[in-house]
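Structure assessment
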Amino acid sequence: MTKPGIRTPLLNTKLSIPLARPALVIRLRLLKLLDSGLQRKLTLVSAPAGFGKTTLVAGWARSSGIPVAWLSLDEKDNDPVLFFSYLFSALNAATGLGELALNELQSPQHPPFSSLLATWINEITRLPRQLLLTLDDYHLIENQAIHDELAYLLANLPSNLHLILIARADPPVPLARLRGLGQLVEIREAQLRFLESEAGEFFQSFADLALDQKEVLALHQRTEGWIAGLHLAGLALQGRRDIADFIESFTGGHHFIIDYLTEEVFNRQPDEVKVFLLQTCILERMCAPLCDAVTGNHNSQAMLHLLDRANLFILPLDGEREWYRYHRLFSDLLHKRLQQTSPEAVPALHRRASAWHEQHGLISAAIEHALSACDFERAALLVESSLEATLMRSELTTLLKWMERLPDELVRSRPTLCFFHAWAMMMSGSPLAAVEQRIQILAGAQEAQEGGEMMPGRMAALDAYLSLFRADVFRAVELSRQALQQLPEKDRFLRSIMTWILSQASLAEMDPRAGSQMLKEVFQMAQDAGNLLIAVTALCNRAKLQMRQGRLHRAREILQQALQAATGPQGQRLPIASEALFGLGELEREWNNLEKAGEYLAESIELYRQWSEMASFDAYFPLARLRLAQGDVDGARQAIETACRIAQSSDSTDLDDVIADLQQAYFLIMLGDAAGAMHWANKRGLVPVVLLKKQSAIEEGLDYISDRVRKYEHLVLARLFILQERAVEALDLLDALLGLARGLKRIDLIIETQILRALAFQRAGQNARAIEALSEALSLAEPGGYMRIFLDEGNAMIRLLQKAASQGIAPAYVSKLLAISGGLEPGEQAAALSHRTRTLPEPISERELEVLRLLASGMSNPEIASELVVAVSTVRTHCKSIYGKLGVHRRWDAVQRARELNLI
């Protein structure tokens, strides 16, 4: 302890606001929090190392315009005399006051510290303005006498003095009392973490580092917004070419992270804490009883509270602070250190964790720990006990990962494991050869009577599901009925799936109301069985029926019900929620709520991927149409290409390939690429045209894939004929389609068919018949609030709608459509269109006119590039310029617009 009466040399650098680089990220939300603290006694900035506490406060203090008494503390300042010497000197440096208290402190028999503080406080009250006192690194102070005097200071703080404490752990001062009196502002780890946008802004400060949004997101997720971690990652990335590979492998095992966390955090802990950290780092989530079971001790509750108070990279997971987890990078470091120092202890720790989780009904975690312990027999038993429940929650990826970690010979030797592995592989779109290999093993087990009495029914169910994937509906129906006869009543999981397959096969032949009622029954059966997978799917099927009937608002209600049902016990959305989100995205796109639609579809694709990439296939098509509506042609093309790649990667059915080709043809037509779409039509054997009749694949034995998609192919083919000015052929197709749609009572098909008939009649110069067809489409579409089905047709549809408005057809609805299409009332729309046909904001260049003529001829971009002897990218640049000048977003509209202006 410093001897009274001896003037201790003080380091002036401890009394200066730390110098820092200019703020790389302006954090307005935190600066506002610091501003609000000026009206209260104390601001506490408390978080682990590397969260930018000092940088934040120092930057704010320098710009505050208020005198700042700053004291940077270290371990030596636990001496009260030295502590208060620095405290009074900090005041003196900031205001010229404090000399009296400082002199008294240096006297041989100095007064009590509270008296010195009273002298000091009285001096401050005479200051004519505010003063900030900042104590940095206060967690290094462990002397209770200093804590007591600080509490005294807070109790008697002058109104013109504000105290800021910066620490890695909460100080033992009366925080609860100050919080209750509204005299405390707290900035903690949750607020200090960088947001994703802030991380992106931060990385821009690295001159030679160009990260895209996906790379920034990956680093943000890996560091959990920890600023020091982001900085260390940025340093490590400088000069590297393998950025993607580095980000993929960036963990707490990286030497920068190891050095920082070891020096700043781990090495500073007492031995008892180090042992606890290493023993519990194997846990993804932890509570005191679990930690007791793993460590074999009974002090975990106190230890967790200690770590929590110390902000030791431990994050509470609930409001009661019962469950915690470690920061991921810190956990990585601990794992690495545990493997280096005590590798033999790891299996035992995992076995204890597995046993505790099983005892408490947390089977998924019990399985993970058994697998990590390489206790495969135990893991296999646990997996078997949860197979159906896991599938019913649609957690397909989880089940497949478990199976992949089990030795293959063990899975093969257990018929139940082998059966559900085959089932999960089918659902994930795995190669058929791998699925069939599992089925052969099961067939052998059935012959040897190793699978038990349920095996025949299960094999029939498996074959039924596989037949459905292969689009062999007739065999799927036959096998589903066979499975229902053979499966025991208690096998509610498989029985509900077989019933759903039968419902899908019957829907095409049913009246929509009867179909909806049947799906209600399937939903109820699945819900009673606890099969969320089928329950949610049945609801989404019901919503699809409503959409086919034009009842879009009712469909949304059912999809919202499905979304609510697809929720896990912790409130998280299960993978099967992707189906409901997909439907909601389609609806919002149709209602022209494009931003909301994008959010739904993005979340849907993300959840689909938790299932399998194949599951996300369908969602890319509404995404492509959404991107087209937003004018993002490249984004639409990318979505279509992704769907095509997914279809090509799967050999479970040909249906996905047919649908991918169909959607790509639609996309080409919307861009005016007649040649590309004609190639598709020839490839599919659609020309010469064989007109459709109302028929049933199940009744007449037709090819199911053709029966299912041919009507949609004919809709796209009719679009192609309209683009090619072959209106008569288009109308022949559409008339047959209209009869089929009426027979099927498909309101959605009637609307789209009549829209295309209106456009074809318009091309043929039959305006009265065009308005007649459009009138029915409008009357059927208005109750559902359809938007994009009209707006996506571009300028030709706008002209038809203007004619409809002039004849008083659906006036409110048509007016709304016209207003959305151009932001004008119908009369203003007509005037604006007339004006635009006379003038352009910027003239079309000769080269652009040449490109326009080639576009009108139906050439694709590569063909145009070859004709003009330029790069394809140059053609795209010309097209983008042309679209901008003509005020359109698509090739077809550009050609039409150019013709209106007599440019071609």
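Before reading further, recall that the structure is shown in the block above.
Residues numbered from 1 in each chain as written. Predicted model: local features only at pLDDT ≥ 70, side-chain atom pairs only at ≥ 80, totals over all residues. Heavy atoms only, no water.

Another point: the state of the cysteines. Counted by the stated rule, this structure contains 0 disulfides. With no disulfide of its own, cysteine 287 lies closest to cysteine 291 among cysteine sulfurs, the gap being 6.6 Å. (Disulfide = S-S within 2.5 Å.)

Let's shift gears to the environment of alanine 660. With respect to the helices and strands, alanine 660 occurs in helix 35 (residues 655–670). Since its relative accessible area comes to 2%, alanine 660 is described here as buried. Remark: the alpha-carbon pair of alanine 660 and phenylalanine 621, spanning 39 residues in sequence, is separated by 8.6 Å. (Helix = DSSP H or I, 4+ residues; strand = E, 2+ residues; numbered from the N terminus. Buried < 20%, exposed > 50% of the residue type's maximum accessible area, 1.4 Å probe, protein only.)

To continue, consider the sheet that holds strand 5 (residues 184–188). Adjacent strands of a sheet pair through backbone hydrogen bonds, lying either parallel or antiparallel. Spatially, the 5 strands line up as an open sheet ordered 2-3-4-1-5, and their pairing is parallel. Every interior strand has two partners, whereas the edge strands, strand 2 (68–72) and strand 5, have only one. Averaged over all neighbouring strand pairs, the angle between strand axes comes to 15 degrees, with direction disregarded. Sheet analysis places strand 2 next to strand 3 (residues 131–136), joined by 5 bridges and oriented parallel. Of the residues in strand 3, the one forming a bridge with serine 72 is aspartate 136. Helix-sheet contacts for helix 1 (residues 28–37) involve strand 1 (42–46), strand 4 (161–167) and strand 5, and the interaxial angle to strand 5 is about 155 degrees. Helix 2 (residues 53–63) contacts strand 1, strand 2, strand 3 and strand 4 of the sheet and is inclined by roughly 155 degrees relative to strand 4. (Pairing = 2+ DSSP bridges. Axes fitted to C-alpha atoms, helices over the stretch in contact; angles between N-to-C directions. Contact = heavy atoms within 4.5 Å.)

Let's shift gears to the packing of aromatic side chains. Evaluation of the coordinates by the stated rule reveals 12 aromatic pairs. Ring plane angle 85 degrees and centroid distance 5.1 Å describe the contact between phenylalanine 83 and phenylalanine 84, whose orientation is recorded as edge-to-face. On the basis of relative accessibility, which here comes to 2%, the residue phenylalanine 83 falls in the buried class. Taking the relative accessible area as the measure of exposure, phenylalanine 84 reaches 2% and is therefore buried. Ring centres 5.1 Å apart and planes at 90 degrees place the aromatic pair phenylalanine 617 and phenylalanine 621 in the edge-to-face group. (Phe/Tyr/Trp six-rings, centres within 6.5 Å; stacked < 30°, edge-to-face > 60°.)

Turning our attention to helix 30 (residues 552–565). In this model helix 30 runs 20 Å from its N-terminal to its C-terminal C-alpha over 14 residues, within 8% of the 20 Å that 1.5 Å per residue would give. Taken together, the buried positions of helix 30 are occupied by Leu552, Ala555, Ile558, Leu559, Ala562 and Leu563. Mapping the buried residues of helix 30 onto a view down its axis gives an arc of 145 degrees, with all of them on the same face. Buried positions along helix 30 lie against helix 29 (532–548) and helix 31 (577–590). (Expected span 1.5 Å × (residues − 1). Arc of directions from axis to C-beta.)

Take the packing of helix 47 (residues 861–868) against helix 48 (residues 872–886) next. Close contact between helix 47 and helix 48 brings their axes to 8 Å; oriented N to C, the two are set at 105 degrees. Between helix 47 and helix 48, the crossing angle belongs to the class labelled roughly perpendicular. Residues Asn861, Pro862, Ile864 and Ala865 of helix 47 lie in contact with helix 48, whose contacting residues are Val872, Val875, Arg876 and Cys879. (Parallel < 35°, antiparallel > 145°, perpendicular 65-115°, else oblique.)

Applying the stated criterion to the full structure yields 39 salt bridges. With its nearest N and O atoms 2.7 Å apart, the salt bridge here joins lysine 14 to aspartate 77. Of this pair, lysine 14 sits in the segment before helix 1 while aspartate 77 sits in the loop between strand 2 and helix 3 (80–95); the two residues are 63 residues apart in sequence, bridging distant segments of the chain. Pair check on accessibility: lysine 14 and aspartate 77 agree, each one buried. Residues glutamate 588 and arginine 556 are paired through a salt bridge, measuring 3.8 Å at the closest nitrogen-oxygen approach. With glutamate 588 in helix 31 and arginine 556 in helix 30, this residue pair connects regions lying 32 residues apart in the sequence. Glutamate 588 gets classed as buried once you look at its relative accessible area, which sits at 8%. (Salt bridge = Lys/Arg side-chain N within 4 Å of Asp/Glu carboxyl O.)

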